Amino acid sequence: MRAPTTGFAGFRPAAFAFFRELQDNNDPAWFKPRKALYETEVLAPFRDLIVAVGETSGQAGLPLVGDPRRGIFRIYRDVRFSPDKRLYKTHAGAVLTRSGGRRDPGVLYIHVAPGESMVAAGFWHPEPALLARLRRAVLGDPDGFLAIAGGLATAGCPLSSDDRLSRPPRGFEAAKGTPVAEYVGWKSFTAHRMLSDAEMQSPALVDRITDFARTVLPLLEWGWAAVDDEMPAPLSIRKPARPLPKPDF
């Protein structure tokens, strides 16, 4: 067994007690006097965890960057267009990406919540242009995609989507009747593994998350290939047909 990674000691029980109480007291009158508790028991160890996972991922050759400043999501909810007016999230979440930023497609996501903690990875509701490219990647190499899906299922973290079409979308009719017909209608491509509260409170959590990242790397690399293909080619500079006049200064 590997020695626990240093720098992250595990979340303490107080972090989970905080979120359980927040579920029943989701208002500023309760939260504001306990903001320091949130920062000490949730935010501080989460930052340590992100840094530690980023370090072990780098040592394992995984292209994932943990940025404690950019990677953790705010606890405040955006309620402007939501019928749910609760102001605070009752969980904490963070991502590691190739750049460390939250907007970089293809993430390793860590979710902290009493009885519902997990680690996940993949492409969750990508932008329409990228989703189309992912669907084309499925249809363009069905055997390769099915091999990735099969490997994840064998590892106990099957590929899934929280939203999907009942039939292949327009432009992907060729998928009908093929083994990947269902996948072409998916709107997300993710895999996850649940984590117990006891696991979240252990320094060994770092290695467990890194092991998961190693398992889902084929899924991330598959999607990153589509992301990189989306980037425009560099502009070529055409040389003038005849030399330009010399400047007069």
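Keep in mind that this is a model prediction, so the values were computed, not measured. By convention here, each chain's residues receive numbers from 1 onward along its written sequence. Only residues with pLDDT of 70 or above have their local features reported here, since the model is predicted, and side-chain atom pairs are shown and tallied only from 80 upward, although totals for entire chains, interfaces and linings are computed over all residues. The side-chain numbers reported here are obtained from all heavy atoms of the structure, hydrogens and water having been left aside.

### Notes on the pairing of strand β3 (residues 118-123)
Put simply, the test is: Exposure classes here rest on a 1.4 Å probe applied to the protein chains alone. A residue is buried below 20% of its type maximum, exposed above 50%, and partly exposed in between. Secondary structure is summarised from DSSP: a helix means a run of H or I of at least four residues, a strand means a run of E of at least two, and numbering begins at the N terminus for each. When DSSP locates at least two bridges between a pair of strands, those strands are taken to pair.
Of all the 6 residues making up β3, 5 are buried; the element is thus mostly covered by neighbouring parts of the structure. As judged from the 5 bridges shared by strand β2 (residues 107-112) and β3, these two strands associate in the antiparallel manner. The partner of Ile110 across the bridge, within β3, is Val119.

### Side note on the packing of aromatic side chains
To be explicit about the condition: Two rings from Phe, Tyr or Trp (for Trp, the six-membered ring) form a pair when their centres are within 6.5 Å of each other. A pair whose planes differ by under 30 degrees is stacked, one over 60 is edge-to-face, and the rest are tilted.
Following the criterion strictly, the structure yields 17 aromatic pairs and no others. Consider the rings of Phe31 and Tyr38, whose centres lie 6.2 Å apart with planes at 55°: the pair is tilted. Each ring, one from Phe145 and one from Trp222, has its centre 5.2 Å from the other, and the planes form 50°; the classification is tilted. Of this pair, Phe145 sits in helix α5 (residues 142-154) while Trp222 sits in helix α8 (residues 205-230); the two residues are 77 residues apart in sequence, bridging distant segments of the chain. According to the relative accessible area criterion, Phe145 is buried, its value standing at 1%. Since its relative accessible area comes to 14%, Trp222 is described here as buried. Site record: aromatic cluster; members linked through ring pairs are Phe18, Phe19, Trp30, Phe31, Tyr38, Tyr76 and Tyr88.

### A word on the nonpolar core
As a reminder of what qualifies: For this analysis, a nonpolar core means a set of buried residues of the types Ala, Val, Leu, Ile, Met, Phe, Trp, Tyr and Cys, connected via side-chain atoms within 4.5 Å. Contacts: residue pairs with any heavy atoms within 4.5 Å of one another.
Counting residues in hydrophobic clusters, the biggest one holds 64 residues, and the most contacted among them are Phe11, Phe18, Phe46, Leu49, Leu108 and Phe189. The element best represented in this core is α8, accounting for 13 residues. With residues up to four places along the chain from it excluded, the contact list for Phe189 reads Ala121, Gly122, Phe123, Leu131, Leu134, Val138, Phe145, Leu159, Ser160, Tyr183, Leu219 and Trp222.

### Here we look at the confidence of the model for the protein
How we decide: Looking at any residue, its pLDDT shows the predictor's confidence there, from 0 to 100.
When the pLDDT values of the protein are averaged, the result is 91; 90% of them are 70 or greater. In this model, residues 1-5 is a region of pLDDT below 50 whose contacts with residues beyond four sequence positions or in other chains number 11 contacts. Here residues 232-237 is modelled with pLDDT under 50, and outside its nearest four sequence neighbours on either side it reaches 0 contacts, counting other chains as well.

### Description of the packing of helix α1 (residues 13-24) against helix α3 (residues 35-59)
Quick reminder of the rule: An axis is simply a line fitted to the C-alpha atoms; with a helix, the fit covers only the stretch in contact. Between two such axes, the angle follows the N-to-C directions and lies from 0 to 180 degrees. Roughly parallel means an angle under 35 degrees; roughly antiparallel means over 145; roughly perpendicular covers 65 to 115; every other angle is labelled oblique. In this scheme the crossing of two helices becomes right-handed for a clockwise turn of the near helix relative to the far one and left-handed for an anticlockwise turn of less than a right angle. The residue classification treats Ala, Val, Leu, Ile, Met, Phe, Trp, Tyr, Cys and Pro as nonpolar and Asp, Glu, Lys and Arg as charged. All others, Gly included, are polar.
The geometry of α1 relative to α3 is characterised by a closest axis approach of 8 Å and an angle of 130° between their N-to-C directions. The angle between the axes of α1 and α3 places the two elements in the oblique class. The crossing of α1 and α3 is left-handed. Here Ala14, Ala15, Phe18 and Phe19 of α1 come into contact with α3, specifically with Leu37, Tyr38, Glu41 and Val42. Residues belonging to the contact of α1 with α3 are distributed by class as follows: 7 nonpolar, no polar and 1 charged.

### Structural notes on the sheet that holds strand β1 (residues 92-96)
In spatial order, the strands read β1-β2-β3-β4; together these 4 strands make up an open sheet with antiparallel pairing. At either margin of the open sheet sits one strand with a lone partner, and together these are β1 and β4 (189-194). Within the sheet, the average angular offset between the axes of one strand and its neighbour, ignoring direction, is 20°.

### Some thoughts on the environment of Trp124
This is how it is decided: We call two N or O atoms a polar contact when they sit within 3.5 Å, provided that within protein one can donate a hydrogen and the other can accept it, with sequence-adjacent residues counted only if both atoms are side-chain atoms.
Positionally, Trp124 belongs in the loop between β3 and α4 (128-140). Trp124 sits in the exposed class, given a relative accessible area of 60%. Separated by 17 residues in the primary sequence, Trp124 and Val107 have C-alpha atoms spaced 8.7 Å apart. In this view, Trp124 contacts Asp162, Ser188 and Thr190; residues no more than four positions away in its chain are not counted. In terms of polar contacts, Trp124 uses its side chain to reach the side chain of Asp162, at 3.2 Å.

### Focus: the pattern of salt bridges
When the charged atoms of two side chains lie near each other, side chains of opposite charge can form a pair. In plain terms, the rule: Salt bridges are defined by distance alone: a side-chain nitrogen of Lys or Arg within 4 Å of a carboxyl oxygen of Asp or Glu.
For the coordinates displayed, the defined rule picks out 11 salt bridges. Where Arg77 meets Asp84, a salt bridge forms, and the shortest distance between an N and an O atom there is 3.8 Å. Notably, a salt bridge pairs Asp84 with Arg86, separated by 2.8 Å at the nearest N-O pair. The exposure class assigned to Asp84 is partly exposed, which follows from its relative accessible area of 25%. Each of Arg77, Asp84 and Arg86 takes part in a single network of salt bridges with overlapping partners.

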